[in-house]
Amino acid sequence: MRMSRYFLPILKENPADAQIVSHRLMLRAGMIKQVASGIYSWLPMGFKVLRKLENIVHEEQARAGHIAILMPTLQSADLWRESGRYDGYGEEMLRMKDRHGRDMLFSPTAEEMVTDIFRSHVSSYKDLPLTLYQIQWKFRDEIRPRFGVMRGREFYMKDGYNFDLTKEDALHAYNRHLVSYLRTYERMGLQAIPMRADSGPIGGDYTHEFLVLADTGESEVFYDAAVTDIRMGERDIDFSDKAQCQGVLEEFTSLYARTDETHDEALFAEVPKDRQRSARGIEVGQIFYFGTTYSDPLGAKVMDETGKPVPVHMGSHGIGVSRLLGAIIEASHDDNGIIWPEGVTPFGVGIVNLKQGDEEADTACEALYKSATALGLDPIYDDRNERAGGKFATMDLIGIPWRITVGPRGLKNGVVELTSRKTGVSEEMTPELALEALAKTYASL
Ligand code: ATP
Ligand code: MG
């Protein structure tokens, strides 16, 4: 992409209404525009990152054997009456009537809708296990929308639902989700800690929330510092292997890590003093096992091996895809702007031409731009007639992890400068070597 042709409406001033850094930087970098309280348009760069996150979620769900569907944002109230949640859900549910006076609602979650799909089409244990998921906009009429996409009213969420014959199988689905979520966050450059949580209106006995530590997080959390040393890393997981998935659950959840809702002072006191931590965290996902809470009232049954109809065991699993943008920026920025982790960056490399209009510099930049594109590095080339300082500031603000700076002086010696956004360290090398290094870096992700 050429910067001169892109739509990147950068703000010079700090927006007054943005209280936290991620909200401020998303507005300043021209990623989102508020439409109404808690409702945003996604401008090109914001949308590009959102789609990258979505792709990672899809890839990791596929790896775990889960199957994508898409359900509507608008639902009829009837299913929610059947499950008994219509009246209980409260003011967060946006309700409306269609022209025939039928009660409709904007989906805040979709347990009922997916259970209805299931009961219409599945009747035998032979079709299990089954996990269906979607990535779709949700609406919750939050009492206090704030912090930009972190607590929106309309937000993009991955919601998955498992259907299993037995509790044991459903707990395997729970563990599979835990493993795939941990992989998902790590690919996004985030460390999210699974913590024992409260099940709230979804119900059920088993639930973990995934929290990214950040001072601006809305949740208060308590944990054993040793949990922050555990990573999924490169391990090769066989998702169909129950023991392996259970092993990961135990490894990540055996140490104390809880949100304030389930915090237990007496248990926490057993953690060695020097490892006790209390902090703030951003909830980026949650998994639940709730058994037959929805399958019972909605009559979602299958025939078991003996031909007896039994209600299926279910769980649901959510990732806040749009909130993740905010969480990633909270976890990765400096005074100059965003620092995108390589796995989610909107562009792989920024090319800065120090002397636009200089024939040699322009030619070298065009050649670099072409080669970087051919290598799949998805470059953004700042070809505007701006001073170098302004170009650097823009690249820093929008957070591109690598910058190649091209100027007449370097070109005399056949070199350009490759700079890391994160460390600020620059190295001179030939354009070919710079591209080779970047291609290697991205290929290893
Ligand atoms: P919270 O406690 O933050 O209100 P929740 O527990 O009600 O969230 P879930 O039903 O578990 O949310 O939804 C799954 C994920 O969707 C959450 O972990 C969070 O990342 C995201 N999410 C929930 N509400 C919002 C919101 N208002 N804006 C953006 N993302 C949200
Ligand atoms: Mg939650």
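Quick look at the structure, then. No experiment lies behind these values; they were computed from the predicted model shown.

**Let's talk about the packing of aromatic side chains**
Here's step 1: Going through the model one piece at a time under the given rule, you end up with 15 aromatic pairs.
Here's step 2: Aromatic pair Tyr-174 and Tyr-206: ring centres 6.3 Å apart, planes at 70°, arrangement edge-to-face. In this pair, Tyr-174 is assigned in helix H5 (residues 167–187) and Tyr-206 in strand S10 (residues 206–213), connecting sequence segments 32 residues apart.
Here's step 3: Judged by centre distance (5.8 Å) and plane angle (45°), the rings of Tyr-369 and Tyr-381 are tilted.

**Some thoughts on the sheet that holds strand S4 (residues 74–76)**
Here's step 1: Taken in spatial order, the three strands make up an open sheet running S4-S6-S5, and their pairing is antiparallel. Strand pairing shows two members of the sheet lacking a second neighbour, S4 and strand S5 (94–97), which therefore form its edges. Taken over all neighbouring pairs, the strand axes of this sheet differ in orientation by 35° on average, direction set aside.
Here's step 2: Relative to strand S6 (residues 103–106), S4 runs antiparallel, the two sharing three bridges. Within S6, the position partnered with Leu-74 by the bridge is Phe-106.

**Digging into the coordination of the magnesium ion (ligand 2)**
Here's step 1: Donor atoms from the polypeptide that bind the magnesium ion (ligand 2) are Glu-283 (OE) and Gln-286 (OE1), placed at 1.9 to 2.2 Å.
Here's step 2: Note on Gln-286: relative accessible area 11%, which makes it buried.

**What to know about the packing of helix H1 (residues 21–28) against helix H9 (residues 321–331)**
Here's step 1: Where H1 meets H9, the closest approach of the two axes is 8 Å, and the angle between their N-to-C directions is 105°. Taken together, the axes of H1 and H9 lie roughly perpendicular to each other. Here Val-21, Ser-22, Leu-25 and Met-26 of H1 come into contact with H9, specifically with Leu-325, Gly-326, Ile-329 and Glu-330.
Here's step 2: Among the residues making up the contact of H1 with H9, the classes are represented as five nonpolar, two polar and one charged.

**Looking at the sheet that holds strand S22 (residues 416–420)**
Here's step 1: In space, the five strands of this open sheet follow the order S20-S19-S21-S22-S23, with mixed pairing throughout. In the strand order of this sheet, the two ends are held by strand S20 (379–382) and strand S23 (426–429), each with one partner. Ignoring which end each strand starts from, the neighbouring axes of this sheet average 20° apart.
Here's step 2: Sheet topology note: the strand S19 (residues 349–353)/strand S21 (residues 402–406) ladder contains four bridges and is parallel. Directly across from Ile-351, in S21, lies its bridge partner Ile-404.
Here's step 3: Lying on the sheet, helix H11 (residues 388–398) is in contact with S19, S20 and S21; it crosses S19 at an angle near 170°.

**Quick notes on the packing of H5 against helix H6 (residues 242–253)**
Here's step 1: Put simply, H5 and H6 touch, their axes get as near as 9 Å, and they point 60° apart. With respect to H6, the axis of H5 lies oblique. Note on packing geometry: the crossing formed by H5 with H6 is left-handed. Across the interface between the two elements, Glu-168, Asp-169, His-172, Tyr-174, Asn-175, Arg-176, Leu-178, Val-179 and Leu-182 of H5 pack against Lys-242, Cys-245, Gln-246, Val-248, Leu-249, Phe-252 and Thr-253 of H6.
Here's step 2: Per-class residue counts for the contact of H5 with H6 are eight nonpolar, four polar and four charged.

**Details of the site of ligand 1**
Here's step 1: Around ligand 1, the surrounding shell holds 14 residues, and the nearest of these are Arg-140, Glu-142, Arg-151, Gly-152 and Glu-283.
Here's step 2: With respect to ligand 1, the side chain of Arg-140 contributes an N or O atom lying 3.0 Å from an oxygen atom.
Here's step 3: Within the side chain of Arg-323, one N or O atom sits 3.1 Å away from an oxygen atom of ligand 1.
Here's step 4: Look at ligand 1: alone it shows 580 Å² of surface, and the protein chains cover 84% of it.

**A word on the nonpolar core**
Here's step 1: Among the nonpolar cores identified, the biggest contains 70 residues, and Met-31, Leu-53, Tyr-185, Phe-210, Val-284 and Trp-340 are the most heavily contacted of them.
Here's step 2: The leading source of residues in this core is H5, at eight residues.
Here's step 3: If you count residues domain by domain, this core takes at least three from each of domain 1 (7–337) and domain 2 (347–443).
Here's step 4: Contacts of Trp-340, omitting those with residues within four sequence positions, involve Met-31, Met-45, Val-49, Ile-328, Ile-329, Thr-345, Pro-346, Ile-398, Gly-399, Ile-400 and Pro-401.
Here's step 5: Membership of the second largest hydrophobic core comes to 28 residues, among which are Tyr-86, Ala-110, Leu-130 and Leu-165.

**Here's the deal with the pairing of strand S11 (residues 219–224)**
Here's step 1: S11 sits mainly inside the fold: five of its six residues count as buried.
Here's step 2: Across six bridges, S11 lies against strand S13 (residues 276–291) in antiparallel orientation. The residue bridging Phe-222 from the neighbouring strand is Ser-278, located in S13.
Here's step 3: Bridge count for S11 against strand S12 (residues 257–259) is three bridges, and the pairing is antiparallel. For Val-221, the partnering residue across the bridge sits in S12 and is Thr-259.

**A look at the side chain of Ser-107**
Here's step 1: By secondary structure assignment, the location of Ser-107 is in the loop between S6 and helix H4 (111–121).
Here's step 2: A polar contact is formed between the side chain of Ser-107 and the backbone oxygen of Thr-109, at a distance of 2.7 Å.
Here's step 3: Contacts of Ser-107, omitting those with residues within four sequence positions, involve Pro-72, Thr-73, Gln-75, Met-113, Trp-137, Lys-138 and Phe-139.

Definitions and limits used
- Residues numbered from 1 in each chain as written.
- Chains lettered and ligands numbered in written order.
- Predicted model: local features only at pLDDT ≥ 70, side-chain atom pairs only at ≥ 80, totals over all residues.
- Heavy atoms only, no water.
- Phe/Tyr/Trp six-rings, centres within 6.5 Å; stacked < 30°, edge-to-face > 60°.
- Helix = DSSP H or I, 4+ residues; strand = E, 2+ residues; numbered from the N terminus.
- Pairing = 2+ DSSP bridges.
- Axes fitted to C-alpha atoms, helices over the stretch in contact; angles between N-to-C directions.
- Donors = N, O, S within 2.8 Å, 3.2 Å for Na, K, Ca; no water.
- Buried < 20%, exposed > 50% of the residue type's maximum accessible area, 1.4 Å probe, protein only.
- Parallel < 35°, antiparallel > 145°, perpendicular 65-115°, else oblique.
- Contact = heavy atoms within 4.5 Å.
- Nonpolar A, V, L, I, M, F, W, Y, C, P; charged D, E, K, R; others polar.
- Left-handed = near helix turned anticlockwise from the far one by under 90°.
- Near = heavy atom within 4 Å.
- Polar contact = N/O pair within 3.5 Å; in protein donor to acceptor, adjacent residues only side chain to side chain.
- Areas by Shrake-Rupley, 256 points an atom, 1.4 Å probe, with all protein chains shown as cover.
- Core = buried A, V, L, I, M, F, W, Y, C linked by side-chain atoms within 4.5 Å.
- Domains from an automatic or database assignment.

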